[in-house]
Amino acid sequence: MRTLLLVLLGIFCFWGYKNDVHKNLELLYENKEVRNERNRQLNIIESKMHKTFFELFSGCIVQPWNDRYDLHGPMDLSHEVLRIIRGCVNREERIKAVYRWITTNIAYDTDYQIYTSDECFRERKGVCNAYSQLLVKMLGCIDIPAIVVIGEVKYEENNLGKHAWVMIDKGDGNYLLADPTWDAGRINEKTGKFIASPTWEWFDCPPELMIHSHYPDTERHQLLDKPVSKTEFDRLPYKRPY
């Protein structure tokens, strides 16, 4: 009799455990379905935001001055970007981490041969176009929209001609302007060699200061309430952010 009772008790406990497992599994699948649906809706919203961003601001990206312009190279940089942003807790920190990596690890190509993001990443050097493309591509790996801005720049009293910099979606309805090339270092006037000296001077530069040195080909890339004409830009005194 005792053995029978023990057997019945074991069956009862097993049945209860089985029911608990089934309930937990049902809850797990239910939560998984809820999470999947939530992620699907977020992806739809994010896609619409990205589309709106590029519709508003991507005018220059398809009209480069250089035929070697190639933002979407075949190299997948996702793993490298994830390594770079490890420990970052928000969008701002991720943007800064990627930007800092580029200004610290990429040298200016004084031979003026490297214009594309993939070659820039591989060779660890490039011209302004390559710097900007690489930043945009790496941010794209973590779903942060950004575009390459093409325009003209001047330094002190000298007009330096065509240049590329970047506009990044901050995620709060605002955008920031940054010039990773100028923040990476400078060219020694005597030797012609690149001198690495990473700074944050041209990162998130206020539009009203950026316009004193950077004039985009597309007016809306100025991010100014009252855009400045090219004639006005030429007359503006050169100013540095700091």
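Preceding this paragraph is the structure being described.
Below is a summary of the structure that appears in this document. This one's a predicted model, so the numbers in the text were calculated from it and none came from an experiment. Per chain, residues are indexed from 1 in the order of the written sequence. With pLDDT at 70 or above as the cut-off, local features in this predicted model cover only qualifying residues; side-chain atom pairs require 80 or more to be listed or tallied, and sums for whole chains, interfaces and linings still use all residues. Heavy atoms from the whole structure form the basis of all side-chain values; hydrogens and water molecules are not counted.

**Some remarks on the environment of Gln-222**
Right, so step 1: Labels follow the DSSP assignment, with helices taken as runs of H or I lasting at least four residues and strands as runs of E lasting at least two, numbered in each case from the N terminus. Along the chain, Gln-222 falls in the loop between strand 8 (214-216) and helix 8 (230-235).
Right, so step 2: Gln-222 sits 11 residues away from Ile-211 along the chain, and the two C-alpha atoms are 6.9 Å apart.
Right, so step 3: Beyond its immediate stretch of four places on either side in the chain, Gln-222 contacts Leu-177, Pro-207, Ile-211, Tyr-215, Pro-216, Pro-227 and Val-228.
Right, so step 4: Here a polar contact means two N or O atoms within 3.5 Å. Within protein one must be a hydrogen donor candidate and the other an acceptor candidate, and residues neighboring in sequence count only if both atoms are side-chain atoms. Polar side-chain contacts of Gln-222 include one of 2.7 Å to the backbone nitrogen of Val-228. We call two residues contacting when some pair of their heavy atoms lies within 4.5 Å.

**Brief notes about unusual backbone geometry**
Right, so step 1: For Tyr-112, which is not a glycine, the phi torsion comes out positive at approximately 55 degrees.
Right, so step 2: Along the chain, Tyr-112 falls in the loop between strand 1 (107-108) and helix 4 (117-123).
Right, so step 3: Exposure classes here rest on a 1.4 Å probe applied to the protein chains alone. A residue is buried below 20% of its type maximum, exposed above 50%, and partly exposed in between. By relative accessible area, Tyr-112 is classed as partly exposed at 45%.
Right, so step 4: Phi at Leu-223 is positive, roughly 60 degrees, even though this residue is not glycine.
Right, so step 5: Mapped onto the elements of the fold, Leu-223 is located in the loop between strand 8 and helix 8.
Right, so step 6: On the accessibility criterion, Leu-223 (24% relative accessible area) is partly exposed.

**Quick word on helix 5 (residues 128-140)**
Right, so step 1: Helices are assigned an expected span. That span is 1.5 Å times one less than the residue count. The terminal C-alpha atoms of helix 5 lie 18 Å apart, and with 13 residues this matches the ideal 18 Å at 1.5 Å per residue to within 8%.
Right, so step 2: Counting buried positions along helix 5 yields 12 of 13 residues, so the element is predominantly enclosed.
Right, so step 3: Taken residue by residue, helix 5 has Cys-128, Asn-129, Ala-130, Tyr-131, Ser-132, Gln-133, Leu-134, Leu-135, Val-136, Lys-137, Met-138 and Leu-139 as its buried positions.

**Here's the deal with the sheet that holds strand 5 (residues 175-178)**
Right, so step 1: The criterion for strand pairing is that DSSP finds at least two bridges linking the strands in question. One open sheet accounts for four strands, arranged 5-4-3-8; its pairing is antiparallel. The outermost strands of the open sheet, each flanked by one partner alone, are strand 5 and strand 8. Mean inter-strand twist for the sheet, computed between neighbouring axes without regard to direction, equals 35 degrees.
Right, so step 2: Note: strand 4 (residues 158-169) against strand 5, four bridges, orientation antiparallel. Following the sheet pairing, Asp-169 is matched in strand 5 by Tyr-175.
Right, so step 3: Fitted lines through C-alpha atoms serve as axes, helices being fitted only where they are in contact, and the angles separating the N-to-C directions of these axes extend from 0 to 180 degrees. Packed onto the sheet, helix 5 meets strand 3 (146-155) and strand 4 and runs at close to 0 degrees relative to strand 4.

**Details of the packing of helix 3 (residues 91-105) against helix 5**
Right, so step 1: Interhelical geometry of helix 3 versus helix 5 gives an angle of 145 degrees and a closest axis separation of 10 Å. The handedness of the crossing between helix 3 and helix 5 is right-handed. Along the contact surface, helix 3 presents Ile-95, Val-98, Tyr-99, Trp-101 and Ile-102, while helix 5 presents Tyr-131, Leu-134, Leu-135, Met-138 and Leu-139.
Right, so step 2: The residue inventory of the contact of helix 3 with helix 5, partitioned by class, reads 10 nonpolar, no polar and no charged. For any helix crossing, the convention is left-handed if the near helix is rotated counterclockwise from the far helix by under a right angle, and right-handed if that rotation is clockwise. Gly is put with the polar residues, along with every residue not named as nonpolar or charged; the nonpolar set is Ala, Val, Leu, Ile, Met, Phe, Trp, Tyr, Cys and Pro, and the charged set is Asp, Glu, Lys and Arg.

These figures capture arrangement, not role.
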